[in-house]
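Structural characterization, general
Take a look at the letters that make up each chain.
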Amino acid sequence: MPLLLAAYRADRPGIEIHVQEGVHGSVLEAVRSGIADIGLAYVDELPDAMSGEALQRETFCLVVPRRHRLASRPTVTLAELRDEPLVALPGDSRTRRTIDAAASVAGVTLRQMTTVSQFATLMGCVRAGVGLAIVPTGATGHFLGRDLRAVRLGEPKLSRRLGIVLLREREPSPAAAGFLALARRSWPRPATR
């Protein structure tokens, strides 16, 4: 997203950009209410008033401190996490609902002991040893390094389609339409359907 914003800023330096960050429900509400022209969110299971255009499929991973016993594993299953304290996003976030649904289907009760509302705080908690975290791989970004490692999740695989969210009955403003065109041209990976 930062590279996309930089490209848009270079192309249209006179346009003021406001980025509102939040969990899935907050993004949808911002688009629905008109606070935001467009949203970047999961596009699976949108309300009828919304339309979504997938840009990529995002898989989930486990973030652990490098010295944790699971850090050297190539993959880990949800069942192997049943006794681990987890740091999680709020229950109304699509990320949390995706994780909870997969755990339920697998017959696993996860110990989501600490709830935070931002990925930066979540990663800081993992770094501090509060617990481990299951997150979309794209959220790991610059957080991984010497002290944190991402481990792939085995079966069941968790993934969601990430994309652009619009209100069906509202045409995007010219500025938003320009941003949408740029996003469609330059998003790094094609969506997997």
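Our structure is the block above this text.
The text that follows walks through the structure, step by step, so that each part is easy to find. Everything numeric in this text was worked out from a predicted model, so none of it was measured.

Attention now goes to the environment of Arg73. In this fold, Arg73 is placed in the loop between β2 (50-65) and β3 (75-76). On the accessibility criterion, Arg73 (27% relative accessible area) is partly exposed. Ignoring sequence-local partners within four residues, the contact set of Arg73 consists of Glu80, Arg149 and Val151.

Time to look at the environment of Gln20. Tracing the backbone through its elements, the reader meets Gln20 in the loop between α1 (2-11) and α2 (24-33). We classify Gln20 as exposed; its relative accessible area is 53%. For the pair formed by Gln20 and Thr137, sequence separation is 117 residues and the distance between their alpha carbons is 21 Å. Aside from chain neighbours lying at most four places away, what touches Gln20 is Ala30 and Ile35.

Next up on the list: the nonpolar core. Leu62, Leu78, Leu81, Leu110, Ile134 and Leu153 are the most contacted members of the largest nonpolar core, which totals 31 residues. When residues of this core are traced back to their parent elements, those giving at least two are α1, β2, α3 (94-105), β7 (148-153), β8 (159-167) and α5 (174-186). Every residue in contact with Ile134, bar those within four places of it in the chain, is listed here: Phe60, Cys61, Leu62, Leu78, Leu81, Leu86, Thr95, Ile99, Leu110 and Leu153.

Cut-offs applied
- Each residue is numbered by its place in its chain's sequence as written, counting from 1.
- Confidence filtering applies because this is a predicted model: local features only for residues at pLDDT of at least 70, side-chain atom pairs given and counted only at 80 or more, and all residues used for totals across whole chains, interfaces and linings.
- The side-chain numbers reported here are obtained from all heavy atoms of the structure, hydrogens and water having been left aside.
- Only DSSP runs of H or I reaching four residues or more are called helices, and only runs of E reaching two or more are called strands; each is numbered from the N terminus.
- Residue exposure (1.4 Å probe, protein chains only): buried if accessible area is under 20% of the type maximum, exposed if over 50%, otherwise partly exposed.
- Here, residues are in contact when the closest pair of their heavy atoms is within 4.5 Å.
- The term nonpolar core refers to a set of buried residues drawn from Ala, Val, Leu, Ile, Met, Phe, Trp, Tyr and Cys, joined through side-chain atoms within 4.5 Å.

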